[in-house]
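As a plain string of letters, each chain reads:
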Amino acid sequence: MSSGAGPIYPLAVSPAEAPAEHRSYFAEVARDAVAPRSAKLALAWIACVAAMAVLAPLIANSNPCLINMDGHWSSPLLRSLNWTDLALLIVAVVGGALGCVRRKKFWPNMTLLAACLIVMSVVYGFFGPPPQNVVYEQYRDAMRQGRVQFVLHAPIPYSPSDRFRDEPDTRLLPPSRHHLLGTEAFGADVLSRMIHACRIILAMGFVASGIAVIIGVVVGGLMGYFSGIVDILGMRLIEIFEAIPTLFLMITLVAFFPSEDYRLLMLMVIIGITGWTGYARFTRAEYLSLRSRDFVQAAQAAGLPLHSVLFRHMLPNGITPVVINLSFGIAAAIIAESTLSFLQLGVIDQPSWGAMLSQATGQGGDFLWWMALFPGLAIFLTVFAYVLLGESVNDALDPRRRR
Amino acid sequence: MQPLLELRNLTVAFDTERGQIRAVQEVSLSVYPQQTLALVGESGCGKSVTALSILRLIPSPPSRVLGGQVLLEGRNLLDLPEKQMQSVRGKDIAMIFQEPMTSLNPVFTVGEQIVEAVRLHQNVNTKQAYEIAEQSMRDVGIADPDKRLHEYPHRLSGGMRQRVMIAMALSCQPKLLIADEPTTALDVTIQAQILELLRALQQQRGMSILLITHDLGVVAENADAVAVMYASRIVEYASVYDLFDAPQHPYTQGLLRAVPRLGAVGQRLAAIPGTVPNPARFPSGCKFHPRCPKMNGDPACAGVEPALRQIEQGHWASCHHLPDFANKPITRPATDAKRAEGSAVS
Amino acid sequence: MSDGPPRADQPLLQVRDLRTYFPIKRGLLSRTVGYIRAVDGVSFDIHPGKTLGLVGESGCGKTTVGRSILRLTPPTSGSITYQGQNFLAFRGRELRRLRRHMQIIFQDPISSLNPRMRVGNIIGEPIQVHGLARGNEKQDMVAALLRRVGLEESDANRYPHEFSGGQRQRIGIARALALSPDFIVCDEPVSALDVSIQSQILNLLADLRQERNIAYLFIAHNLAVIEHFSDEVAVMYLGRIVEKAAARELYANPKHPYTMALLSAAPEPDPRRKTGRIVPGGEVPSAAHPPGGCPFHPRCHLTRMAAEQAQAGESTVVSVKYRGTETLVSLPVLDVGGTMEIESGGQRFRVLRKCATQTPPLEPKQGEAGHLAACWVTR
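Criteria and thresholds
Residues numbered from 1 in each chain as written. Chains lettered and ligands numbered in written order. Predicted model: local features only at pLDDT ≥ 70, side-chain atom pairs only at ≥ 80, totals over all residues. Heavy atoms only, no water. Helix = DSSP H or I, 4+ residues; strand = E, 2+ residues; numbered from the N terminus. Buried < 20%, exposed > 50% of the residue type's maximum accessible area, 1.4 Å probe, protein only. Contact = heavy atoms within 4.5 Å. Areas by Shrake-Rupley, 256 points an atom, 1.4 Å probe, with all protein chains shown as cover. Pairing = 2+ DSSP bridges. Right-handed = clockwise from strand over helix to strand, strands pointing away. Salt bridge = Lys/Arg side-chain N within 4 Å of Asp/Glu carboxyl O. Domains from an automatic or database assignment. Buried area = accessible area lost by both parts, 1.4 Å probe. Polar contact = N/O pair within 3.5 Å; in protein donor to acceptor, adjacent residues only side chain to side chain. Patch = residues over 30% accessible without salt bridge, like charges linked within 9 Å, V, L, I, M, F, W, Y side chains within 5 Å. Axes fitted to C-alpha atoms, helices over the stretch in contact; angles between N-to-C directions. Parallel < 35°, antiparallel > 145°, perpendicular 65-115°, else oblique. Left-handed = near helix turned anticlockwise from the far one by under 90°. Nonpolar A, V, L, I, M, F, W, Y, C, P; charged D, E, K, R; others polar. Phe/Tyr/Trp six-rings, centres within 6.5 Å; stacked < 30°, edge-to-face > 60°. Lys NZ or Arg CZ within 6 Å of the ring centre and 35° of its normal.

1. Quick word on the overall build of chain A
What chain A contains, in helices and strands, is 15 helices and 3 strands. Per-residue burial for chain A yields a buried fraction of 46% across its 403 residues. When contacts within chain A are restricted to residue pairs at least 6 apart in sequence, those whose partners lie at least 24 apart make up 70%. Of the roughly 20300 Å² of accessible surface on chain A, a fraction of 70% belongs to carbon and sulfur atoms.

2. Things to note about the pairing of strand S7 (residues 183-187) of chain C
Residues and elements named next belong to chain C. Across the 5 residues of S7, 5 count as buried, placing the element largely inside the fold. Pairing between strand S6 (residues 102-105) and S7: 4 bridges, direction parallel. The partner of Gln103 across the bridge, within S7, is Ile184. Sheet analysis places S7 next to strand S8 (residues 215-220), joined by 5 bridges and oriented parallel. Bridge pairing in S8 links Cys186 to Phe218. Following the backbone out of S7, through helix H6 (residues 195-212) and into the adjacent parallel S8, one traces a crossover that is right-handed.

3. Focus on the pattern of salt bridges
In the structure shown here, the tally under the stated rule is 39 salt bridges over all chains. Note that Glu73 of chain B is salt-bridged to Lys175 of chain B, the shortest N-O span being 3.2 Å. Placement of Glu73 of chain B in the loop between strand S4 (63-72) and strand S5 (75-76) and of Lys175 of chain B in the loop between helix H7 (158-170) and strand S7 (176-180) is noted, with a sequence separation of 102 residues between them. Arg67 of chain C is the partner of Asp187 of chain C in a salt bridge, and the nearest nitrogen-oxygen pair spans 3.3 Å. Here Asp187 of chain C, found in strand S7, pairs with Arg67 of chain C, found in helix H1 (residues 62-69); they are 120 residues apart in sequence, far enough to count as distant. When its relative accessible area of 4% is taken as the criterion, Asp187 of chain C is described as buried. The network of salt bridges with shared partners includes Asp17, Arg19, Arg37, Asp40 and Arg240 of chain C.

4. A few points about the sheet that holds S8 of chain C
Strand pairing in a sheet is mediated by backbone hydrogen bonds. Such pairs are either parallel or antiparallel. Residue and element names in this part refer to chain C. The 8 strands lie next to each other as S6-S7-S8-S3-S9-S10-S16-S15, forming an open sheet whose pairing is mixed. Two strands lie at the open edges of the sheet, namely S6 and strand S15 (363-364), each paired on one side alone. Where strand S10 (residues 240-246) meets strand S16 (residues 372-373), 2 bridges bridge the pair, whose relative direction is antiparallel. Counterpart to Glu243 in the pairing with S16 is Ala373.

5. Some points on the pairing of strand S4 (residues 77-82) of chain C
Residue and element names in this part refer to chain C. Pairing of strand S1 (residues 13-26) with S4 involves 5 bridges; the strand directions are antiparallel. From the neighbouring strand, Gln14 faces S4, where its bridge partner is Thr81. In terms of strand pairing, S4 meets strand S5 (residues 85-86) through 2 bridges, oriented antiparallel. Bridge pairing in S5 links Tyr82 to Gln85. Two successive antiparallel strands, S4 and S5, enclose a turn made up of 2 residues, where Gln83 displays a positive phi of approximately 50°.

6. Let's talk about the domain arrangement of chain A
Residues and elements named next belong to chain A. One can read the domain layout of chain A as domain 1 (36-59 + 181-403) and domain 2 (62-128 + 138-153). Between domain 1 and domain 2, the buried area comes to about 580 Å², and carbon and sulfur atoms account for 75% of it. There are 0 salt bridges connecting domain 1 and domain 2. Put simply, domain 1 and domain 2 have 0 residue pairs in polar contact (both at pLDDT 80 or more) between them. Looking at the side of domain 1 that touches domain 2 element by element, the count peaks at 5 residues for helix H2 (residues 37-59).

7. Some details on the interface of chain C and chain B
With 45 residues of chain C at the interface, the matching set in chain B holds 52 residues. Where chain C abuts chain B, roughly 4100 Å² becomes buried across the two surfaces, and 55% of that area is made up of carbon and sulfur atoms. Scanning the region where chain C abuts chain B turns up 1 salt bridge. Among the salt bridges present, the one from Asp245 of chain B reaches Arg272 of chain C, with a minimum N-O distance of 2.8 Å. Viewed at the interface, chain B and chain C are joined by 14 residue pairs in polar contact (both at pLDDT 80 or more). For the side of chain C that touches chain B, the elements supplying multiple residues, two or more each, are H6, helix H7 (223-229), helix H8 (247-252) and helix H9 (257-265) of chain C. Here the side of chain C that touches chain B gets 8 residues from one element, more than from any other, and that element is H6 of chain C.

8. A short note on a nonpolar patch on the surface
Residues and elements named next belong to chain A. Judged by side-chain polarity, Ile214, Val218, Leu222, Phe226, Ile229, Val230, Ile232, Leu233 and Leu306 come together as a nonpolar surface patch covering roughly 830 Å² of accessible area. Mapped by element, the contributors of at least two residues to the nonpolar patch are helix H7 (190-226) and helix H8 (228-242). Examined against the element boundaries, Leu233 turns out to sit in helix H8. Judged by its relative accessible area of 57%, Leu233 is exposed.

9. Regarding the environment of Arg148 of chain B
Residues and elements named next belong to chain B. Structurally, Arg148 is set in helix H6 (residues 145-148). Relative accessible area serves as the criterion here: at 26%, Arg148 is assigned to the partly exposed category. Each C-alpha atom, one on Arg148 and one on Ile311, is 51 Å from the other, the two residues being 163 residues apart in sequence. Not counting the four nearest positions on each side in its chain, Arg148 is found in contact with Val110, Met137, Ile142, Ala143, Leu156 and Met160.

10. Considering the sheet that holds S4 of chain B
Residue and element names in this part refer to chain B. Across the sheet, 4 strands lie side by side as S2-S1-S4-S5; this open sheet has antiparallel pairing. Two strands in the sheet have a free side with no partner beyond their single neighbour: strand S2 (19-31) and S5. Most of the contacts of helix H1 (residues 47-54) go to strand S1 (residues 5-16), to which it runs at about 110°, and overall it touches S1, S2 and S4.

11. Structural notes on the packing of helix H4 (residues 110-121) of chain B against helix H5 (residues 126-139) of chain B
Two quantities define a packed helix pair, namely the angle between the axes and the distance from one axis to the other. Residues and elements named next belong to chain B. One way to put it is that H4 packs onto H5 with a least axis distance of 9 Å and a crossing angle of 110°. With respect to H5, the element H4 is oriented roughly perpendicular. Judged by the twist between their axes, the crossing of H4 over H5 is right-handed. Listed contacts from H5 to Val110, Gly111, Glu112, Ile114, Val115, Val118 and Arg119 of H4 are Thr126, Ala129, Tyr130, Ile132, Ala133, Ser136 and Met137. Looking at the contact of H4 with H5 residue by residue, the class counts come to 9 nonpolar, 3 polar and 2 charged.

12. Regarding the packing of aromatic side chains
We describe a pair of aromatic rings using the distance from one ring centre to the other and the angle between the two ring planes. Under the counting rule described, the total for this entry stands at 17 aromatic pairs over all chains. Between Trp369 of chain A and Trp370 of chain A the ring centres are 6.0 Å apart and the planes differ by 85°, which places this aromatic pair in the edge-to-face class. Exposure remark for Trp369 of chain A: the relative accessible area of 42% places this residue in the partly exposed category. What links up through ring pairs into an aromatic cluster is the set Trp369, Trp370 and Phe374 of chain A. Positioned above the aromatic ring of Phe87 of chain C is the side chain of Arg71 of chain C, whose terminal nitrogen or guanidinium carbon lies 5.7 Å from the ring centre. Over the ring of Trp376 of chain C we find Lys354 of chain C, and its NZ or CZ is 4.2 Å from the ring centre.

This is the structure in structure tokens:
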């Protein structure tokens, strides 16, 4: 009893009864992480953004869902879908169905399906025929000419890049019955653009942070476990990467590669490969201290193989700072993209919340409140949701604080 | 004789998310001038909370004193305004802690820290304060105090840091020293040095010591009187001889049997079954009854909490199974017993 | 490698001249500027079902000995022979197979269990990895182990933080037992526990030793615990064994001044204790710069007494009062090379020149057979 010193405050009490069902550690963490109300709300918002991202072409599209023109029926909306849209939709639908039917092998199946579809869409994108270029103007003209007998529009009948270029009077309208959140400088519907921008927000957060976390945990873990020369070299590598001014790098590369197609991917990769150093530092520090902890020594003494020591015993105990910072990292990546787009260095043609925000000061210098409020609010809410989730995951990862 | 420090029915509770936890319940004890009273108990029994409550050092909230008095020479410390309390701390009552590593501030030299304590309570200038600091370091047996004064705590060994802590505590000549596990973190030979130092300083200065410990060996060697705490209450109170010669409470008896002693090779130890109760889930009735060998299904043990009764002159205990327990008087425990001179010679 | 039962007449484990040094690194390029000699030439045998107690103060290297034997801290040099096989020669998979037979119980019941794993997995994983059992059979084994150490079967589904300190130590014992080892390093297994819990754990360990013929290396700083639990006791000071003897013999008749000091300094639960106390002056020196000669000489009371008498030229016999009985120590003054003055703890003392300049070997002393001590004075 050197515990005679003991904590002065009574220890938190844990329930005497054991939980009835067996779950893996991470399943329990996930359950506990979404238990608080704030986390539920945050998750609901992120789910909402994700649903928008998947369903964007169905929700907001100028092309009618169903049209009877000159006597025959067609669905220009479906014809306008490209492979990315389809792949996302199929993953969502099949995944949802599988999730409802059988819980057990849900995640492995899901991952396989998503991987197949992504590969297919990439392959198709390179080698397949280009998606049909469906032009909305032809239907508009047809409607004006009275050639349309029946038309069913999407809930928001405006595409994000549908700019009414020929109709200058639709530019920069404040919110109205037709345009719920107003229109932007080129006459596109703000709501439609915001819905389509959800994809960029999600991709930005997950891909950029995913790259950073994978590099960071691997490098940091190796540094911490092997220490010595590996550690010294790793630290120098970290210092080199930390010396790179990310924003300037992005601006420079954007200037060199003006092609719109790769710009988004490039931004994600840059944020990823310059943002891993923090994760590497956390992981290294954790592994260094875990290496001498008694339970790791006990695992070694029991003759457990290296992968079990590294991943079953050390990783769950060392991942906490990474997981907590992951959500903040996602938020930072979103803000980075918004910043670049705000500076008009990000995506140009594709819709982005940050880019829309930059239009809040109109040509004449007057303040367009709807262009500031709605995209700004969306960015704020998304970042806030990730931060809330991060806090809640932080609590859930500590088994002593579990309820 | 008038006790220097007297606790009367002190009850301290913590407010937690899961409700109120009574860490200290109706604790009464008396420390007489020049006496060493040992407060013995295991982790979570409330002995440290008791000590910190005397100095009002427990943050409130979450803690609350629900009742009782802390009388220092007849003055209730619980009623003093914070300002006066500050002058009591350090000047009248000083405290040393278990971890000499963390109780010293690493960014100041030990001299600066002692001088700060001295100047807080005595009206002296810095130069005089350094002289007092040097003298008190010499008193606790630190060689070359004039050099050591200018060293940072991390340069000192554990035993040396504890000496510095004692020097700091004694620099203002307190009447009472509260020593909370002063030797637990130290090695046996260093522990012996520190215990001997405390004994010598007590004789020189005539101060009283409230010694908080879990180690019955330390109690036997340094204490005049002993209060045994179990699960927030004092369960036995006697002079050190009475307690070790004729322990009355089954917990005290069990503890004394459970300690391995030198010279008892290969004998099987008598263990107390069960676990030390968690303060948030104390058992009903006598808190020791789930582990007690004397209980034998007695409903009184599980139902009624026994009061601390005077078993005989100078000996208090709380157990339903003591002979004629119900008819013994309930009195406030206090004994001004002293140990015989020279019983722990060096 | 032979997995047969250990033979009682042969040592299960032989440790010879074990040294574990930790480099002291400085500067940007981590240059090695010196070594901390945590373990500096330690040798002993442990027989099947027997317990060697290793006692000493913090920093004496006793914990490092335990970890080095299991190769959790790689030893710098020396040999470790387990059942006739050179344990230090094994690598990779072979090493992991051999680890089954040698387990460890830690001091801190909080940090020694993975907080993110259920108790059932903590105990069960080694069983599965070593192919002893899987599935339901494994769960039965885990349940049996939990019952054996005094816990409930259903505790397998709980996390370590839901248990008290004593219960956690029981889990640690169950984990060590899971692979049916024949040797366990107990690294201060009870010093973090409450007094009333300590004896439960000690009794459990003693019962297991009898039931399963397990040999222990029992590391502790509490002399009474060591004496109670061990067959043989080795006292360590600054990385070396300074005295080794059967438990009873060592306590009744210590031959090294450090052992005497340790024994007399230990507080005893007896308020009427009248025995004298030998409190060594000063503190344990740093293992990075151990004193030359006998490492204990700056704190040693024997060499001071001997030097005083030698100086006066009065007697060649020193009387040492230890636990009430006076021991006479004969001292051949001629071969100690006179006396010299040293400084220790800010004070100056006169010691025997031999103590300050030559390191005494661990050699047999008069008395019971197998009583070894490293001291020039008590030769």
